[in-house]
Amino acid sequence: QSVLTQPPSASGTPGQRVTISCSGSSSNIGINYVYWYQQLPGTAPKLLIYRNDQRPSGVPDRFSGSKSGTSASLAISGLRSEDEADYYCAAWDDSLSGLAVFGGGTQLTVL
Amino acid sequence: QVQLQQSGPGLVKPSQTLSLTCAISGDSVSRNRASWNWIRQSPSRGLEWLGRTYYSSKWYNDYAVSVKSRMTINPDTSKNQFSLQLNSVTPEDTAVYYCARVSGEVDAFDIWGQGTMVTVSS
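Residues numbered from 1 in each chain as written. Chains lettered and ligands numbered in written order. Predicted model: local features only at pLDDT ≥ 70, side-chain atom pairs only at ≥ 80, totals over all residues. Heavy atoms only, no water.

## Quick word on the packing of aromatic side chains
For step 1, the next point in the chain: Across all of its chains, the model carries 12 aromatic pairs over all chains by this definition.
For step 2, the next point in the chain: Geometrically, the ring pair formed by Tyr37 of chain A and Phe102 of chain A is tilted, given 6.4 Å between the ring centres and 55° between the ring planes. Placement of the pair is Tyr37 of chain A in strand β3 (residues 34-39) and Phe102 of chain A in strand β8 (residues 99-102), with a sequence separation of 65 residues. An identical accessibility class is assigned to Tyr37 of chain A and Phe102 of chain A; each is buried.
For step 3, the next point in the chain: With 6.4 Å between their ring centres and 75° between their planes, Trp92 of chain A and Trp49 of chain B make a pair best called edge-to-face. Here Trp92 of chain A, found in strand β7 (residues 85-93), pairs with Trp49 of chain B, found in strand β5 (residues 46-55), and the two come from separate chains.
For step 4, the next point in the chain: A relative accessible area of 3% means that Trp49 of chain B is categorised as buried.
For step 5, the next point in the chain: Three or more aromatic residues joined by ring pairs make a cluster, and in this case those are Tyr37, Trp92 and Phe102 of chain A together with Trp49, Tyr98, Phe109 and Trp112 of chain B. (Phe/Tyr/Trp six-rings, centres within 6.5 Å; stacked < 30°, edge-to-face > 60°. Helix = DSSP H or I, 4+ residues; strand = E, 2+ residues; numbered from the N terminus. Buried < 20%, exposed > 50% of the residue type's maximum accessible area, 1.4 Å probe, protein only.)

Below is the structure:
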């Protein structure tokens, strides 16, 4: 059972905008940054968003992150077939000596 | 370009010790403002952070409560790598194990190893 809560699945058609939610608590998302990772089949997760809404170089601006209170969201606009992947949110958790906690992941299907 | 290269056995017997190594290229295990982490992923437990080592005037280690009594992470400055040892493994420890860097610049797991599938079975 993951500390952060995500919907198990999401879907959209090419060109659409989809959002993925992530719910946490006052000890993690409520007081710390949120991060998002994309995992393609058979590969390691890749950093997509850091510090709530910052994109590493090379990540398209179609990906955006936001945070409000103890929840966060990842939005993907102009959906493309190559966006089909698993998406994970993460945060540091101050109740567990600064551990990193993850969401259970959302499998995104591009229809 | 920073890369992490993992090595270690893919099969470990129950009650034995799981040992993995993560070799670093393009960065230093002892530089400030970076930590070197182990994370595992399994269908039953999802992504689970296991522990980290980092240098800030001296070496520090932190471990997840779930594995703290069984786990050791050791940095090796001579080989610029760090290792994971997990004792007394059970089938519940079967997972893909990743090493990953957290850099102070982004405070996130920005570089990952390729992953090692470790099966605990007799």
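Having seen the model, we can carry on.
## Considerations on the nonpolar core
For step 1, the next point in the chain: Grouped together as the largest cluster of nonpolar side chains are 48 residues, with contacts concentrated most on Tyr37 of chain A together with Leu18, Trp38, Met71, Phe82, Tyr97 and Phe109 of chain B.
For step 2, the next point in the chain: With 6 residues, the single largest contributor to this core is strand β9 (residues 95-103) of chain B.
For step 3, the next point in the chain: With residues up to four places along the chain from it excluded, the contact list for Phe109 of chain B reads Tyr37, Leu47, Trp92, Ala100 and Phe102 of chain A together with Asn37, Ile39, Trp49, Ala100, Arg101 and Val102 of chain B.
For step 4, the next point in the chain: In this structure, Ala10, Leu48, Leu74 and Ile76 of chain A belong to the second largest nonpolar core, which totals 23 residues. (Core = buried A, V, L, I, M, F, W, Y, C linked by side-chain atoms within 4.5 Å. Contact = heavy atoms within 4.5 Å.)

## Structural notes on the sheet that holds strand β6 (residues 71-76) of chain A
Residues and elements named next belong to chain A.
For step 1, the next point in the chain: Strand order in the open sheet formed by 3 strands is β2-β6-β5, with antiparallel pairing between adjacent strands. Edge positions in the sheet fall to β2 (18-23) and β5 (63-68), since each has one partner strand and no second. For this sheet, the mean angle separating the axes of adjacent strands, direction not counted, is 20°.
For step 2, the next point in the chain: In terms of strand pairing, β2 meets β6 through 6 bridges, oriented antiparallel. Each bridged residue has a counterpart across the sheet, and for Ser21 the counterpart in β6 is Ser73. (Pairing = 2+ DSSP bridges. Axes fitted to C-alpha atoms, helices over the stretch in contact; angles between N-to-C directions.)

## Some details on the interface of chain A and chain B
For step 1, the next point in the chain: Chain A puts 16 residues into the contact, and the matching count from chain B is 21 residues.
For step 2, the next point in the chain: Taken together, the connections running from chain A to chain B amount to 1 salt bridge.
For step 3, the next point in the chain: With a closest N to O distance of 2.7 Å, Arg51 of chain A and Asp107 of chain B form a salt bridge. (Salt bridge = Lys/Arg side-chain N within 4 Å of Asp/Glu carboxyl O.)

## Quick word on the environment of Asp94 of chain A
Residues and elements named next belong to chain A.
For step 1, the next point in the chain: Of note, Asp94 is situated in the loop between β7 and β8.
For step 2, the next point in the chain: Along the backbone, Asp94 and Ser27 are 67 residues apart, and their C-alpha atoms lie at a distance of 5.4 Å.
For step 3, the next point in the chain: Not counting residues up to four positions away in its chain, the partners in contact with Asp94 are Ser27, Ile31 and Asn32.
For step 4, the next point in the chain: Within the structure, Asp94 has its side chain in polar contact with the side chain of Asn32 (distance 3.1 Å). (Polar contact = N/O pair within 3.5 Å; in protein donor to acceptor, adjacent residues only side chain to side chain.)

## Description of unusual backbone geometry
For step 1, the next point in the chain: Despite not being glycine, Asn52 of chain A shows a phi value in the positive range, around 75°.
For step 2, the next point in the chain: Within the secondary structure, Asn52 of chain A sits in the loop between β4 (46-49) and β5.

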